Amino acid sequence: MRTNNSKTKLRAALRILAILPFAAVAAFGQQGINLTAAPTTVTLPDGSTVPMWGYFCGGAVAGSTASCAALNPSSKLTAPATWSPVVITVPSGQALTINLTNSLSFAAGTGANNIPTSIVIVGQIGGGLGSHPAG
């Protein structure tokens, strides 16, 4: 009887050990951040304020270890705020999903409601922008 109970526990432990690597891949393989393109202003060195737009970090994505932060820590991370470039950090070897909310729009009465926007990821390798260096 004692041997049968030990075998059952051993089988259960082996099942858990077999599942853990797949759970780790699923947990670490899904990185994401939320960005918003929104109107803002920037203050120039002469003190004048100029309207513009920029990207702002949104709320955290559940289960993701990717981070989004303003390059200038004194600016706010969410719109509307003083504009700062955002820095996105993703663990090496992980894919990234960017959820972009476009909050840019023309003034009332000008026709179309939305202003299109696009993102360029500086330093991105692949996707037609180069490949890994030969090592």
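Residues numbered from 1 in each chain as written. Predicted model: local features only at pLDDT ≥ 70, side-chain atom pairs only at ≥ 80, totals over all residues. Heavy atoms only, no water.

Undergrad: Please clarify how the overall build of the protein should be interpreted in this entry.
TA: Helix and strand content of the protein: 1 helix and 5 strands. The helix and strand sequence of the protein, counted from the amino end, reads α-β-β-β-β-β. Here the contacts in the protein between residues at least 6 apart in sequence split such that 50% fall between residues at least 24 apart. For the protein, the computed accessible surface area is about 9900 Å², with 63% contributed by carbon and sulfur atoms. (Helix = DSSP H or I, 4+ residues; strand = E, 2+ residues; numbered from the N terminus. Contact = heavy atoms within 4.5 Å. Areas by Shrake-Rupley, 256 points an atom, 1.4 Å probe, with all protein chains shown as cover.)

Undergrad: How should I be thinking about the state of the cysteines in this particular structure?
TA: In protein structure, a disulfide is the covalent linkage between the sulfur atoms of two cysteines. According to the stated counting rule, one finds 1 disulfide in the structure shown. Paired by a disulfide, C57 and C68 hold their sulfur atoms 2.0 Å apart. Because the sign of the S-S torsion sets the handedness, a value of about -75° for the bond joining C57 and C68 places this disulfide among the left-handed ones. Taken as a pair, C57 in strand 2 (residues 49-57) and C68 in strand 3 (residues 67-70) lie far apart in primary sequence, 11 residues in all. Comparing C57 with C68, the two get one shared label, buried. (Disulfide = S-S within 2.5 Å. Buried < 20%, exposed > 50% of the residue type's maximum accessible area, 1.4 Å probe, protein only.)

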